[in-house]
Number of protein chains: 4
Amino acid sequence: MLHKEPSGEKQNTLIRYFNSAPIKKVYGMTLSYSSSNEAVFDLPYNPNFDHALDAIHGGVVLTLLDNAGWFTVAQFYDVWISTADLHAQFLEPVAQTHLQGVGHVTRVGKRLAHATMDIKTPEGKLVARGSGTFAVSSLQLPPFKGR
Amino acid sequence: MLHKEPSGEKQNTLIRYFNSAPIKKVYGMTLSYSSSNEAVFDLPYNPNFDHALDAIHGGVVLTLLDNAGWFTVAQFYDVWISTADLHAQFLEPVAQTHLQGVGHVTRVGKRLAHATMDIKTPEGKLVARGSGTFAVSSLQLPPFKGR
Amino acid sequence: MLHKEPSGEKQNTLIRYFNSAPIKKVYGMTLSYSSSNEAVFDLPYNPNFDHALDAIHGGVVLTLLDNAGWFTVAQFYDVWISTADLHAQFLEPVAQTHLQGVGHVTRVGKRLAHATMDIKTPEGKLVARGSGTFAVSSLQLPPFKGR
Amino acid sequence: MLHKEPSGEKQNTLIRYFNSAPIKKVYGMTLSYSSSNEAVFDLPYNPNFDHALDAIHGGVVLTLLDNAGWFTVAQFYDVWISTADLHAQFLEPVAQTHLQGVGHVTRVGKRLAHATMDIKTPEGKLVARGSGTFAVSSLQLPPFKGR
């Protein structure tokens, strides 16, 4: 249950988990890790996720924030973690653009982990900023089953 | 820019807007209004939005929270409103279930509107609770263009 | 560590704890419990907590929100709990008025507890609304030592 | 109503405002600005603000977060701003220690301003992290009246 250091091996396992997730396919997101161990989510513009006025729905931004925080702190644990609290500030409306979400570790502890997350456009415009609190469970992550 | 009372006519316009949104189709959500003027979102279980361990992704819950708050407070305005802040508490993990999100008005003002939102299963289990702050713009809502 | 039902005895112990807290004296707050087991904090107007423009400082409202949530969920545990996340929406500015904060349980679990909190004036104006997430520790509450 | 650049003159006015606030005296906080225009609040340990178990009350941390964010973004406006949303993550319990709160601008706009805030001990331990959303009013700040 104690937290570990991130490693390339752990990151590869998490990327395989994410790639097997149905939600990855419907959104068309990809996960990678930066050299400073931040989870990086790239979402090419997908018009299926526009709202009625042809801009990108807030739920897309929220999904990226949740993912960026979760996959950043998950590197530190061998057990399942669950999002407990998520707070988002929406800073700019966005339409017809690629979005990138990046997570930053605030603290990893025995019971709780905390991260902040930023969503930007390729031009570097900060679209949303969030913070997440993640609860550490006692449930061992199952071995990756493939899909 | 001043806020108005909800009306069946305004609710029908908002439902038409929502029904024309691409995100409605990809999720398979429906919007209705309760007799007490709460926006009600129903999302039948859609396995496309599962995460890697076959439970429903947190982004789905966040999208429902955002929608339930936005469409509840939007009834009070003739102008565009935008989600400014959204806070979510995740209370229960959920798998393979219909979800329903309902919004409750806290306050509607000239510059900001506030709501709380609950997500439940059909059995009445409270899955998540959120609060949203919405900024009132000076942008008149365009006439519904159909789609 | 498992949660218990509230009781008058537990409420009296929590009131004694609160009454021995230095912060109770400097603010002049009182704690009671409603018949539906909500923690109720009353704060008579105290000009020492005004900000520079002679209205009540936001920190006062935040302190009441934290207290109302904490003492509502603390009834359910024999161990120490700590505030993990607190989100507040400020709805109305307030000056020279008594304030009352009330907590409402959302969920009490083995690891986390959740509550919502409202701050009102005596006229019933809703001043602020908040939500809190509280982490359940393994630290037994020490016997009340008096002061 | 449009936002301006911070200046030493504006910072001095804000410090004079803060120094005249009753809450400054009861807490014993001081405000300064860093060379990168961050509001910095220093609070020497004050046992009056302990809770019943002799650690520092969460309301103290919340008050510092609110102040650090407000006085950081206030530099950019000639009008009154009000805290609209505040989210706090409590990371470490603290007892008998000086606390320092620092604000960082996220975005300053015509209607809303956003900041993040950190609270640390003199040893650099991160005690709490928060984010604030501030609403820009049309109310001109009154000339400083002194006190």
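Residues numbered from 1 in each chain as written. Chains lettered and ligands numbered in written order. Predicted model: local features only at pLDDT ≥ 70, side-chain atom pairs only at ≥ 80, totals over all residues. Heavy atoms only, no water.

**Student:** Describe the overall build of chain A, listing the residues and the values that go with them.
**Tutor:** When helices and strands are tallied, chain A shows three helices and six strands. In chain A, the order of α-helices and β-strands from amino to carboxyl end is α-α-β-β-α-β-β-β-β. Dimensions of chain A, computed from C-alpha atoms along their principal axes, come out at roughly 45 × 30 × 25 Å. Taking all 147 residues of chain A together, the buried fraction comes to 63%. A separation of at least 24 residues holds for 62% of the contacts in chain A among residues at least 6 apart in sequence. Carbon and sulfur atoms make up 54% of the accessible area of chain A, which totals about 5700 Å². The averaged location of the 12 negative side-chain charges in chain A is 10 Å from the averaged location of its 13 positive side-chain charges. (Helix = DSSP H or I, 4+ residues; strand = E, 2+ residues; numbered from the N terminus. Buried < 20%, exposed > 50% of the residue type's maximum accessible area, 1.4 Å probe, protein only. Contact = heavy atoms within 4.5 Å. Areas by Shrake-Rupley, 256 points an atom, 1.4 Å probe, with all protein chains shown as cover. Lys, Arg positive; Asp, Glu negative; His and termini not counted. Charge placed at Lys NZ, Arg CZ, Asp CG, Glu CD.)

**Student:** Residues and numbers for the relation of the copies chain C and chain D, please.
**Tutor:** It takes a turn of 180° to lay chain C on chain D, together with a shift of 0.0 Å along the axis; the resulting RMSD is 0.0 Å. The operation mapping one copy onto its partner corresponds to a two-fold rotation axis. When each C-alpha of chain C is compared by its distance to the rotation axis, His87(C) comes out closest, at 2.2 Å. When the interface residues of chain C are mapped onto chain D, 100% of them are again interface residues, pointing to one common binding face. (Least-squares fit on C-alpha atoms with pLDDT ≥ 70 in both.)

**Student:** Residue-level account of a positive patch on the surface, with values.
**Tutor:** Taken together, the side chains of Lys110(A), Arg111(A), Lys110(C) and Arg111(C) present a region of like positive charge at the surface. Position of Arg111(A) relative to the elements: it lies in the loop between strand S4 (99-108) and strand S5 (112-120). For Arg111(A), a relative accessible area of 41% translates into the label partly exposed. (Patch = residues over 30% accessible without salt bridge, like charges linked within 9 Å, V, L, I, M, F, W, Y side chains within 5 Å. Salt bridge = Lys/Arg side-chain N within 4 Å of Asp/Glu carboxyl O.)

**Student:** Which residues make up the interface of chain B and chain A, and what values go with them?
**Tutor:** The interface is formed by 35 residues belonging to chain B together with 35 residues belonging to chain A. Across the interface of chain B and chain A, roughly 2900 Å² is buried in total on both sides, 61% from carbon and sulfur atoms. Of all residues in chain B, the largest losses of buried area upon contact with chain A belong to Ala52(B), Leu53(B) and His57(B), amounting jointly to 17% of the total for that side. Scanning the region where chain B abuts chain A turns up zero salt bridges. Where chain B packs against chain A, one counts 13 residue pairs in polar contact (both at pLDDT 80 or more). At the level of elements, helix H2 (22-27), helix H3 (58-73) and strand S3 (79-90) of chain B are the ones that each hand at least two residues to the side of chain B that touches chain A. Of all the elements, S3(B) adds the most residues to the side of chain B that touches chain A, at nine residues. In terms of residue class, the side of chain B that touches chain A is made up of 18 nonpolar, eleven polar and six charged. Across five bridges, the pairing between strand S3 (residues 79-90) of chain A and S3(B) is antiparallel. (Buried area = accessible area lost by both parts, 1.4 Å probe. Polar contact = N/O pair within 3.5 Å; in protein donor to acceptor, adjacent residues only side chain to side chain. Nonpolar A, V, L, I, M, F, W, Y, C, P; charged D, E, K, R; others polar. Pairing = 2+ DSSP bridges.)

**Student:** Mind laying out unusual backbone geometry, listing which residues take part and the relevant values?
**Tutor:** Non-glycine residue Asp54(C) carries a positive phi angle of around 65°. What makes Asp54(C) partly exposed here is its relative accessible area of 27%. Even without being a glycine, Asn37(D) presents a positive backbone phi close to 65°. Here Asn37(D) shows up in the loop between strand S1 (30-33) and strand S2 (39-43).

**Student:** Break down the relation of the copies chain B and chain A for me, citing the residues and quoting the values.
**Tutor:** The transformation that overlays chain B on chain A combines an axial shift of 0.0 Å with a rotation of 180°, and the residual RMSD is 0.0 Å. Interface overlap between copies is the fraction of interface residues in one copy that are interface residues in the other; for chain B against chain A it reaches 100%, indicating a shared surface.

**Student:** Would you mind going over the packing of aromatic side chains in detail, with residue names and values included?
**Tutor:** Going through the model one piece at a time under the given rule, you end up with 28 aromatic pairs over all chains. A centroid spacing of 6.3 Å and a plane angle of 85° characterise the contact between Tyr27(A) and Phe49(B), whose relative ring orientation is edge-to-face. Of this pair, Tyr27(A) sits in helix H2 (residues 22-27) while Phe49(B) sits in the loop between strand S2 (39-43) and H3, placing the two residues on different chains. Across this residue pair, the class does not change: Tyr27(A) and Phe49(B) are buried. One aromatic cluster is present, formed by Phe18(A), Phe41(A), Trp70(A), Phe71(A) and Trp80(A) through successive ring pairs. (Phe/Tyr/Trp six-rings, centres within 6.5 Å; stacked < 30°, edge-to-face > 60°.)

**Student:** Describe in detail the pattern of salt bridges, supporting the description with residues and values.
**Tutor:** Should the charged atoms of two oppositely charged side chains come close, the side chains can pair. Throughout the structure, instances matching the rule amount to twelve salt bridges over all chains. Between Lys10(B) and Asp78(B) there is a salt bridge, with the nearest N and O atoms lying 3.9 Å from each other. Remark: Asp78(B) occurs in the loop between H3 and S3 and Lys10(B) occurs in helix H1 (residues 8-19); sequence separation between them is 68 residues. The partner of Asp118(C) in a salt bridge is Arg129(C), with the nearest N and O atoms 2.8 Å apart. Residue Asp118(C) is located in strand S5 (residues 112-120), and its partner Arg129(C) is located in strand S6 (residues 126-140); the two are separated by eleven residues in the primary sequence. Assessed through its relative accessible area of 12%, Asp118(C) is described here as buried.

**Student:** Report on the sheet that holds strand S6 (residues 126-140) of chain D, specifying residues and quantitative values.
**Tutor:** The strand order S1(C)-S2(C)-S4(C)-S5(C)-S6(C)-S3(C)-S3(D)-S6(D)-S5(D)-S4(D)-S2(D)-S1(D) describes an open sheet built from twelve strands, whose pairing is antiparallel. Taken across any chain shown, the strands that pair with only one partner, and hence form the sheet edges, are strand S1 (30-33) of chain C together with S1 of chain D. When strand polarity is set aside, the average angle formed by the axes of neighbouring strands in this sheet is 25°. (Axes fitted to C-alpha atoms, helices over the stretch in contact; angles between N-to-C directions.)

**Student:** Give me the lowdown on the interface of chain C and chain D, citing residues and values where you can.
**Tutor:** Taken residue by residue, the interface counts 35 residues in chain C and 35 residues in chain D. Between chain C and chain D, roughly 2900 Å² of surface is buried when both sides are summed, and carbon and sulfur atoms account for 61% of that area. When the buried area of chain C at its contact with chain D is split by residue, Ala52(C), Leu53(C) and His57(C) rank highest and sum to 18% of it. Linking chain C with chain D are zero salt bridges. Counting across the chain C and chain D interface gives 13 residue pairs in polar contact (both at pLDDT 80 or more). Among the elements that line the side of chain C that touches chain D, the one with the most residues is strand S3 (residues 79-90) of chain C, at nine residues.

**Student:** Provide a residue-level description of helix H1 (residues 8-19) of chain A, including the pertinent values.
**Tutor:** Residue and element names in this part refer to chain A. With twelve residues, H1 ought to run about 16 Å at 1.5 Å a step, and its terminal C-alpha atoms sit 16 Å apart, in line with that. Considered for burial, the residues of H1 that qualify are Lys-10, Gln-11, Leu-14, Ile-15, Tyr-17 and Phe-18. Angular distribution of buried residues about the axis of H1 spans 155°; they occupy a single face of the element. Those residues of H1 that are buried lie in contact with H2, strand S1 (30-33), strand S2 (39-43) and helix H3 (58-73). (Expected span 1.5 Å × (residues − 1). Arc of directions from axis to C-beta.)

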